[in-house]
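Listed here are the chains, written in short residue letters.
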Amino acid sequence: MRNHVSNGRLKESEEGEGMKEKQKNLYALELEKTEMELRSSRKSLEDYFEESKNFIAKSDGGGGGGPPRWFSPMECGSRLDNSPLLLFLPGIDGIGLGLSKQHNTLGKIFDIWCLHIPVKDRTSFLGLVKLIERTVRSESYCFPDRPIYLAGESLGACLALAVAARNPDVDLVLVLANPATSFEKSQLQPLIPLLEVLPFQHQLTIPYMLSLMTGDSLRMAMDNAVKGFPLEQTIGGLSQDLVAMSSYLNALANILPTETLLWKLQMLKTASAYANSRLHAVKSQTLVLSSGRDQLLPSEEEGQRLYVALPKCEIRKFNDSGHFLFLEHDVDLANIIKGASCYRRGKHLDYISDYIPPTPPEFKKLYDSNRLFMLATSPVMLSYFQDGKIVRGLAGLPSEGPVLYVGYHMLMGFEVVPLISNFLLERNILVRGITHPMLYVKLKKEGMMPPLQQFDVVRTMGAVPVSGSNFYKLMSSKAHALLYPGGMREAFHRKGEEYKLFWPEKSEFVRMASRFGAKIVPFGVVGEDDFGEVVFDYDDQMKIPFLRDYIKGLSEEVVSLRTEADGEVGQQDPHHVGIVPKFPGRFYYYFGKPIETEGRKQELRDREKAHELYLHVKSEVENCIAFLKEKRESDPYRNILARLAYQASHGFDAEVPTFDI
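The rules behind the values
- Residues numbered from 1 in each chain as written.
- Predicted model: local features only at pLDDT ≥ 70, side-chain atom pairs only at ≥ 80, totals over all residues.
- Heavy atoms only, no water.
- Helix = DSSP H or I, 4+ residues; strand = E, 2+ residues; numbered from the N terminus.
- Buried < 20%, exposed > 50% of the residue type's maximum accessible area, 1.4 Å probe, protein only.
- Areas by Shrake-Rupley, 256 points an atom, 1.4 Å probe, with all protein chains shown as cover.
- Pairing = 2+ DSSP bridges.
- Axes fitted to C-alpha atoms, helices over the stretch in contact; angles between N-to-C directions.
- 1 Å grid on protein atoms, 1.4 Å probe; cavity = no way out; pocket = protein on both sides within 12 Å on 5 of 7 lines; lining within 4 Å.
- Points joined across faces, edges and corners; volume = space filled by probe spheres on them.
- Nonpolar A, V, L, I, M, F, W, Y, C, P; charged D, E, K, R; others polar.

Draft legend 1. Broad picture of the overall build of the protein chain. Along its length, the protein chain carries 26 helices and 17 strands. Looking at the 661 residues of the protein chain, the share that counts as buried comes to 56%. Total accessible area on the protein chain stands at roughly 29,000 Å², and carbon and sulfur atoms take up 55% of it.

What follows is the structure, given as structure tokens:
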């Protein structure tokens, strides 16, 4: 990484003896991969059909016979200790390869078994339920402290619901993709009498069902164009899918011959009725995945119905996806499960020990979704180096934990995105935010807060709900933790309150940090109020009767979620802020001198001493903010037009200079 004095970054020789030039980590290298490299690492539709054809030939002896049975995919490599069991329950095809594009990622965190239903098998729906039930009860007996995941699509989702209803004493987690519980309202039901009378008409359904598997080719082309992929890469990818469609019509006919398709459709009707009649008995944790472009089932509406009907249900919507959700390139089931805080290895979720850091591909997807924001903010990050100098970048921050970063929460809290990203890219450090618990809890009254899906990225990047136990576990595990004492009160500040700290009276984080000898790094951030001006704040809204009732109704649901804070911070009602956009400025971060607590455990047990340090940390945060507000005035690239002009001539990935330090 090049260092320029003009940019406020010191050369290697000036950064201290023994300081080696930084090497790019896996996260940084992932961002540099081309789309062709990414495509080569993914399975295609052609791979799926080829595997299906070979699997039927080998597993069923070429004749499609034998009883239903479990198999574990070969490509699922080594996994974490105590990984939970995931049973995949296939949809109408019955092969069990519906997760073939997910095996590599899921296999790192799960022990995967897939159910294979041979083409000519005629086991009834209840017979399949009992088969799965025997496996579930046997594995639960052998590993009573681990959950068992049932991941099912369409027909498989009905199987999962039926097993959960019949086994309320077993710790199950259900992941249901486009459940066939909506079969009565689907376009598939009219096919049953048609196939019974005119079975040859099945041949007309093959191209139709194949088009559903491959999705909307025009939409995929447009998506790739928007992402900036070269035209030849886009056309090449689509050509491969079209070749797969034309070459594997016979493969689909082998998977679902006429009599098998009729049998499966009849089973879907039975499965839907059975599962719906027992929804009241399902108490398991459930994650429903709903596609917005499912042409086989009304999955979007059905997902919402199940979300309301099941007490422990969350929903994730995929507006541009079709019925065969797990076969689409952009769908990563492991990431979805982690983002929804559904991954656990024990009876209860532990946000610290159960957490799995994002893989480089997961981080790339998150980073790419925020590229325009990063371009608009062009963040400047400064840190206090060990020799007393301020350097551009994060070289001055401690490498070893525990470390507690304590700072000011800017308007709407968007400053977290560049902060977390830069820590990973520059220092390979994952900073785990301590956040409001309402980002994790399903509210009783829908529509009063954004859907939990909007906060999946926060959870994927390691955030935990604020609590004494989670704080303790973070510090004891030597983590790098991010704390905003002002919380929502600062992020949703009133008019004229820019860069004003609202911290609680108690200083508990100081005592906890000293207990583990953690370094406390105060930091300030400025710039977000350059992006928008608050014109309709909390005080304005409380003067309007219907808005006041709305806010109070929401507060009644979340009031008990953060009980540790006191004063104005703890009593802040959740609400939305009216903001008028401004001409974008720039984000500036300054991480001040680390404050040592090692060896001060006994001293800081005294509440007065702890409170003195607390006030010192607060003062340092204010000093960091004041420093940035002053220095940014001399930044020649504070204006977005100046930055865009610089990047137009130096490349949009070029680091834009800033003020002299």
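Draft legend 2. Local environment of the sheet that holds strand 1 (residues 69-71). The strand order across the open sheet formed by 7 strands is 1-3-2-4-5-6-7, and the pairing between neighbours is mixed. Here the strands that pair on one side only, and so sit at the sheet edges, are strand 1 and strand 7 (313-318). With strand direction ignored, the average angle separating the axes of adjacent strands in the sheet is 20°. Sheet topology places strand 6 (residues 285-291) next to strand 7; 6 bridges connect them, and they run parallel. From the neighbouring strand, serine 290 faces strand 7, where its bridge partner is lysine 317.

Draft legend 3. Spotlight on unusual backbone geometry. Each neighbour pair has its own omega, and for glycine 401 with proline 402 the value is 5°, a cis peptide bond. As for its position among the elements, proline 402 is in the loop between strand 9 (390-392) and strand 10 (403-407). One non-glycine residue, asparagine 178, lies in the positive phi region at around 45°. Tracing the chain through its elements places asparagine 178 in the loop between strand 5 (172-177) and helix 7 (191-197). Non-glycine residue tyrosine 499 carries a positive phi angle of around 60°. Summarising the element assignment, tyrosine 499 is placed in the loop between helix 20 (487-491) and helix 21 (508-515).

Draft legend 4. A look at the layout of surface pockets. Within this model, the second largest pocket holds a volume of roughly 610 Å³. Contributing to the lining of the second largest pocket are 25 residues, with Ser284, Gln285, Thr286, Lys312 and Arg344 lying nearest its centre. Looking at the lining of the second largest pocket, the elements with two or more residues in it are strand 6 and strand 7. Here the lining of the second largest pocket is built from residues that sort into 10 nonpolar, 6 polar and 9 charged.

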